[in-house]
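Chains, contacts and geometry: an overview
Read off the chains here:
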Amino acid sequence: MVQFSTAQTITVQNGKIIVPDHPIIPFLEGDGVGPEVMRSAQQVVDAAVAKAYNGNRSIEWKEVLAGQKAEKLTGTTLPEETLNTFKTCHVGLKGPLNTSVGEGARSLNVALRKELDLYANFRPTKYYAPAPSPLLHPERVDVVLFRENTEDVYSGIEFAAGTDGARALLEFFRTQSPENYARIRFPETSALGLKPVSVEGSQRIVRSAIEHALKAKRKSVSLLHKGNIMKFTEGGFMNWGYDVAEKEFSVETYSMRQHKTLSAEKGEEAAAEALKIAKAAGKVIVKDMIVDAAFERSIAHPEDMDVLVTTNLNGDYLSDALAALVGGLGIAPGANINYLTGDAIFEAVHGTAPDIAGKDLANPCSLILSSVLMLRYMGWTEAADLVENSLSQTFAGRNVTPDFASQMDNAVSCSTTQFTALLLQRI
């Protein structure tokens, strides 16, 4: 186990983090453009912390290894030392990591989430004018997505076609569940995968989404699912989510599942009046939506989307689609959090961009805004506001990195270093 001074290490009590004035924050610079965007984010965060607290607070950055650099120096892409450091320090910052596509390739992002049980992927999406957007009114986008991180098809339980595992599973279906076996169109040549979705896994992510909505004074939480087709997994997620709202947050929320029951028993007029009263009382409305309809709604009427919570694969798709509405992954922050243990890793959500690595062209905004999430998570809101305001003002002046400048009129194209310098000046 990694040893640090207790006075400098973030501690956790009853799921809440206790942050000293000079905490150790492990960082994983990542592959490709990772070192460049990490350097930018750290410079901006350090300046904001120094300014906000008159030098009385600071971050002690500690590098940990994963990915290509780790393999070169240690012989493994995810050393145990890295995991132990994150466990010891509880809060960390991560650049993009490369994951090879192909059989046997291990996703380091998924591995970190599973090893640390970071079950909540937290992806807020908002617009910073005048970033390029396909929408006529991108300023209407202000969405928070909670994606379950540990279950669903990301469990990685698969059997290649024709293998002993696939044959054994097919034989089980043939003899024990012939109705399901009959649904497999070409059993002899089918690869098979399992999709575990549990009561515990579903309820803890929904609970976190509702708690966030209440704390942030949001208006609604939408349970996104494909329960019309997958009734026991996706449908279970929806029903277990409603159970949490109705049993644990009955005073603070209004459940649309109960609303439907009220409508059937008392009539639509009585149900409409109850919903009106709930909204007037400031209750968070908990509702559900088929996930493909949520994609359409997010694009056509983004102002209707507030706090969203969904299963792993749905969230993977939707988080990137939402980012596209406000400029793309280059300006999308993200975090992976266990709200029960307090452990959290804040990360750039884009890829490693090897084609521009080392050329001082990378957009550091994703990691910078993820750093803002980290500062807010630590309770250092004054520093977080300084960073976010400086970025917003720099964008307003149309000073952007080349990826954005190529899509904007009258923009000033800045290198990573130049863009960072502008942020520092405003701080």
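Structure report, in brief. Since the structure is predicted, the reported quantities are computational estimates derived from the model, not experimental observations. (Residues numbered from 1 in each chain as written. Predicted model: local features only at pLDDT ≥ 70, side-chain atom pairs only at ≥ 80, totals over all residues. Heavy atoms only, no water.)

A short note on the environment of L145
Mapping L145 onto the fold places it in strand β7 (residues 142-148). Linking L145 and L322, residues 177 residues apart in sequence, is a C-alpha distance of 9.1 Å. The residues contacting L145, other than those within four sequence positions of it, are N121, F122, R123, L308, T310, G315, L318, S319 and L322. (Helix = DSSP H or I, 4+ residues; strand = E, 2+ residues; numbered from the N terminus. Contact = heavy atoms within 4.5 Å.)

A look at the packing of helix α1 (residues 34-52) against helix α13 (residues 365-378)
Contact geometry for α1 and α13: axes closest at 9 Å, N-to-C directions at 40°. With respect to α13, the axis of α1 lies oblique. The chirality of how α1 crosses α13 is right-handed. Taken together, the residues of α13 that come into contact with α1 (itself represented by V37, M38, S40, A41, V44, V45 and V49) are L367, I368, S371 and L375. Residues of the contact of α1 with α13, tallied by class, amount to 9 nonpolar, 2 polar and no charged. (Axes fitted to C-alpha atoms, helices over the stretch in contact; angles between N-to-C directions. Parallel < 35°, antiparallel > 145°, perpendicular 65-115°, else oblique. Left-handed = near helix turned anticlockwise from the far one by under 90°. Nonpolar A, V, L, I, M, F, W, Y, C, P; charged D, E, K, R; others polar.)

Observations regarding helix α12 (residues 312-324)
Relative to the 18 Å expected for 13 residues at 1.5 Å per residue, α12 spans 19 Å between its end C-alpha atoms, a close match to the ideal helical length. All buried positions along α12 are accounted for by N312, N314, G315, L318, S319, L322 and A323. Along the long axis of α12, the arc covered by the buried residues comes to 150°, so they all point the same way. Turning to α12, the residues buried within the fold contact β6 (120-126), β7, β10 (220-225), α8 (234-248), α11 (291-300) and β13 (307-310). (Expected span 1.5 Å × (residues − 1). Buried < 20%, exposed > 50% of the residue type's maximum accessible area, 1.4 Å probe, protein only. Arc of directions from axis to C-beta.)

A closer look at the pairing of strand β14 (residues 333-337)
Regular strands show a simple pattern: their side chains alternate between the two faces of the sheet. With 5 of 5 residues buried, β14 is to be regarded as a mostly interior element. Burial along β14 is two-sided: P333, A335 and I337 facing one way and G334 and N336 facing the other are all buried. In this sheet, β14 lies alongside β6 in antiparallel orientation, the contact comprising 3 bridges. Across the sheet, residue A120 finds its bridge partner in β14, namely I337. As judged from the 5 bridges shared by β14 and strand β15 (residues 344-348), these two strands associate in the antiparallel manner. Among the inter-strand pairings, G334 is bridged to a residue of β15, identified as E347. Between β14 and the antiparallel strand that follows it, β15, lie 6 residues; G342 among them carries a positive phi value of about 85°. (Pairing = 2+ DSSP bridges.)

Some thoughts on the nonpolar core
Grouped together as the largest cluster of nonpolar side chains are 94 residues, with contacts concentrated most on F146, V221, V309, M374 and F395. Here the element with the most residues in this core is α13; it accounts for 9 residues. Judged by nonpolar contacts, the second largest core, of 13 residues, contains L28, A66, A111 and I345. (Core = buried A, V, L, I, M, F, W, Y, C linked by side-chain atoms within 4.5 Å.)

Some details on the pattern of salt bridges
Counted according to the given criterion, the structure contains 23 salt bridges. The partner of E248 in a salt bridge is R207, and the shortest N-O contact between them spans 2.7 Å. With a gap of 41 residues between them, E248 in helix α8 and R207 in helix α7 (residues 199-215) connect regions that are remote in the sequence. Note on E248: relative accessible area 41%, which makes it partly exposed. Judged by its relative accessible area of 23%, R207 falls in the partly exposed class. Here D385 makes a salt bridge to R376, at a shortest N to O gap of 2.9 Å. Residue classification places D385 among the partly exposed positions, given a relative accessible area of 35%. Taking the relative accessible area as the measure of exposure, R376 reaches 32% and is therefore partly exposed. (Salt bridge = Lys/Arg side-chain N within 4 Å of Asp/Glu carboxyl O.)

Topic: the environment of S222
Residue position: S222 is located in strand β10. Residue class for S222 comes out buried when judged on its relative accessible area of 1%. Contacts of S222, omitting those with residues within four sequence positions, involve K287, V307, L308 and V309.

What to know about the side chain of H90
For H90, the position within the fold is in the loop between α3 (80-89) and β5 (91-94). H90 sits in the buried class, given a relative accessible area of 17%. The contacts of H90, once residues within four sequence positions are left out, are I10, T11, V12, G342, D343 and A344.

Considerations on the sheet that holds β15
Taken in spatial order, the 11 strands line up as β4-β3-β5-β15-β14-β6-β7-β13-β10-β12-β11 in an open sheet, and their pairing is mixed. Each having just a single partner strand, β4 (60-63) and β11 (253-255) make up the two edges of the open sheet. Taken over all neighbouring pairs, the strand axes of this sheet differ in orientation by 25° on average, direction set aside. Packing of α12 onto the sheet brings it into contact with β6, β7, β10 and β13, and relative to β7 it is tilted by some 155°. Sitting on the sheet, α13 is in contact with β3 (24-28), β4, β5, β6, β14 and β15, with an inclination near 160° to β15.

Focus on unusual backbone geometry
Omega for the peptide link from A129 to P130 comes to 0°, which places this bond in the cis form. Note on placement: P130 falls in the loop between β6 and β7. One non-glycine residue, N410, lies in positive phi territory at about 55°. With respect to the helices and strands, N410 occurs in the loop between α15 (402-405) and β17 (412-413). On the basis of relative accessible area, N410 is assigned to the exposed category, the value being 70%.

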